[in-house]
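Here are the chains, one letter per residue:
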Amino acid sequence: PALDLPVPAYTAGLWLGDGASRFALIHQHQDDIETAEYVRSEGVEVIVRPGTNPTMKTVCLKQFPNGLRGVPALRQAGLLVEQPDPGTKKRIPPLYLRASVEQRFDLLSGLMDSDGSIDKEHGWARFDTTSRGLAEDVAELVRSLGMKAAFTAAPLRAGKAKVEYMVRFKPLPG
């Protein structure tokens, strides 16, 4: 059965991928701004504003269906946690990992719409993040949906300040 999630599943996934960890904001390329409509369809009040450059938009999460607003709602949901390692502030809490199958697929859809990609040649889906904790959570989410997940860390490249973690999986047909 579906759970009463403090932040709707798709919105949670989208924020985990492209959200600002200090604000209830999601940064999206203007070509991907239809995601704001998905967020609205989950009952979240949003405002879309111009982003930091002409090709970007900012989706401001104003109020969630439970009446909570902003960062306190993200903290209450367990999506934003204070940890000593600054790269692990965003996490998928156990409640979301044990939600209904539909809610977990919605969460994965939000994650993939933000920081995911598809290798059309080989049929692999891939989620990239600089947070080891979030990558481990995404791998667990994928496995909870009956798919195999491969978790790897990319070697630190010249010009990159952080290690990138990748979760690869073959999406289920349908």
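Note: the structure precedes this text.
The structure contained in this document is the topic of the report that follows.

Focus on the nonpolar core
Side chains of a nonpolar character, in soluble globular proteins, are inclined to be buried together.
Inference 1: Ranked by size, the top nonpolar core spans 45 residues in total, and within it L61, L79, I92, Y96 and L107 carry the most contacts.
Inference 2: Aside from chain neighbours lying at most four places away, what touches Y96 is L5, P6, V7, A9, A12, A77, L79, R104 and L107.

Considerations on helix α6 (residues 132-144)
Every α-helix carries 3.6 residues per turn, so stepping three or four residues along brings you back to the same face.
Inference 1: Here α6 spans 18 Å end to end across 13 residues, near enough to the 18 Å set by a 1.5 Å rise per residue.
Inference 2: Of all the positions in α6, only G133, L134, A135, D137, V138, A139, L141 and V142 are classed as buried.
Inference 3: In the core, the buried residues of α6 are packed alongside α1 (9-18), α4 (94-97), α5 (101-115), β5 (124-129), β6 (149-154) and β7 (164-169).
Inference 4: Following α6 by one or two positions, G146 has its phi on the positive side, about 85°.

Description of the sheet that holds β6
What holds strands together in a sheet is hydrogen bonding between their backbones, with the strands either parallel or antiparallel.
Inference 1: Taking strand neighbours across the sheet as the criterion, the four strands line up as β4-β5-β7-β6 in an open arrangement whose pairing is antiparallel. One side of each edge strand has no neighbouring strand; the edge strands of this open sheet are β4 (116-119) and β6. Averaged over all pairs of adjacent strands, the angle between strand axes in this sheet comes to 25°, irrespective of strand direction.
Inference 2: Two elements, β4 and β5, share four bridges in a ladder whose sense is antiparallel. When the bridges of β5 are listed, S117 appears paired with R126.

Things to note about the pattern of salt bridges
Opposite charge on two side chains permits pairing when their charged atoms draw close.
Inference 1: Counted under the stated rule, the structure contains five salt bridges.
Inference 2: D128 is paired through a salt bridge with R126; the nearest N and O atoms lie 2.8 Å apart.
Inference 3: When the shortest N-O distance is used, the salt bridge between R132 and E136 registers 3.0 Å. Of this pair, R132 and E136 both sit in helix α6, four residues apart, which is roughly one turn of the helix.
Inference 4: Assessed through its relative accessible area of 34%, E136 is described here as partly exposed.

Criteria and cut-off values
- Residues numbered from 1 in each chain as written.
- Predicted model: local features only at pLDDT ≥ 70, side-chain atom pairs only at ≥ 80, totals over all residues.
- Heavy atoms only, no water.
- Core = buried A, V, L, I, M, F, W, Y, C linked by side-chain atoms within 4.5 Å.
- Buried < 20%, exposed > 50% of the residue type's maximum accessible area, 1.4 Å probe, protein only.
- Contact = heavy atoms within 4.5 Å.
- Helix = DSSP H or I, 4+ residues; strand = E, 2+ residues; numbered from the N terminus.
- Expected span 1.5 Å × (residues − 1).
- Pairing = 2+ DSSP bridges.
- Axes fitted to C-alpha atoms, helices over the stretch in contact; angles between N-to-C directions.
- Salt bridge = Lys/Arg side-chain N within 4 Å of Asp/Glu carboxyl O.

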